[in-house]
Amino acid sequence: MLRELGLGDIAVFAGMLLVEIGARVTEGDRLLEVVAGSVTVDLPAPASGTLVEVLVGEDEPLRVGQLLAVVRGEAEQGHGLPFRFRPY
């Protein structure tokens, strides 16, 4: 989740994906960069598991609550845990 950066109405965009689809991640690992003006923030994995899907492309504008990616936990059989863009 993205913490409030205090940048007012500056647009936020997806940056580089920091892990490949299919990669095993641990909760808190860096998954995706987001860029707001001259500020870059790394968003952490919401849970441990496998990154199974990325739903945004580099340089795509983001909005609060937008689904960014899906991490499937080891014990999950279904859809996985959604990774959303939210302020803290």
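Residues numbered from 1 in each chain as written. Predicted model: local features only at pLDDT ≥ 70, side-chain atom pairs only at ≥ 80, totals over all residues. Heavy atoms only, no water.

**Q** Whenever I open this one, the confidence of the model for the protein chain confuses me. Can you help?
**A** Regions with low pLDDT carry predicted coordinates that are not meant to be interpreted in detail. With 75% of its residues at a pLDDT of at least 70, the protein chain reaches an overall mean of 81. Ranking the elements of the protein chain by mean pLDDT puts strand β8 (residues 81-84) last, at 57, and strand β2 (residues 24-25) first, at 94. (pLDDT = per-residue confidence, 0-100. Helix = DSSP H or I, 4+ residues; strand = E, 2+ residues; numbered from the N terminus.)

**Q** What's the story with the side chain of E33 in this structure? I'm lost.
**A** Mapped onto the elements, E33 comes out in strand β3 (residues 30-36). Buried within the structure, E33 lacks any salt-bridge partner; R30 is the closest side chain of opposite charge, at an N-O distance of 5.5 Å. Contacts of E33, omitting those with residues within four sequence positions, involve F13, A14, G15, M16, L18, T40, V41 and D42. (Buried < 20%, exposed > 50% of the residue type's maximum accessible area, 1.4 Å probe, protein only. Lys, Arg positive; Asp, Glu negative; His and termini not counted. Salt bridge = Lys/Arg side-chain N within 4 Å of Asp/Glu carboxyl O. Contact = heavy atoms within 4.5 Å.)

**Q** What exactly am I supposed to notice about the side chain of Q66 here?
**A** Looking at where Q66 falls in the secondary structure, it is placed in the loop between β6 (61-62) and β7 (67-72). Under the relative-accessibility criterion, Q66 is labelled buried at 8%. For Q66, the side chain forms a polar contact with the main-chain nitrogen of R63, separated by 3.0 Å. (Polar contact = N/O pair within 3.5 Å; in protein donor to acceptor, adjacent residues only side chain to side chain.)

**Q** Hey, could you run me through the pairing of β3 in this one?
**A** Residues in a regular strand point their side chains to alternate faces of the sheet. Burial runs high along β3: 5 of the 7 residues are buried. Strand direction decides the pairing type here: strand β1 (residues 12-17) and β3, joined by 4 bridges, are antiparallel. The partner of A14 across the bridge, within β3, is V34. In textbook terms, the turn of a hairpin is the stretch between consecutive antiparallel strands, and for β3 and strand β4 (residues 39-44) this stretch comprises 2 residues, one of which, G37, has a positive phi near 65°. (Pairing = 2+ DSSP bridges.)

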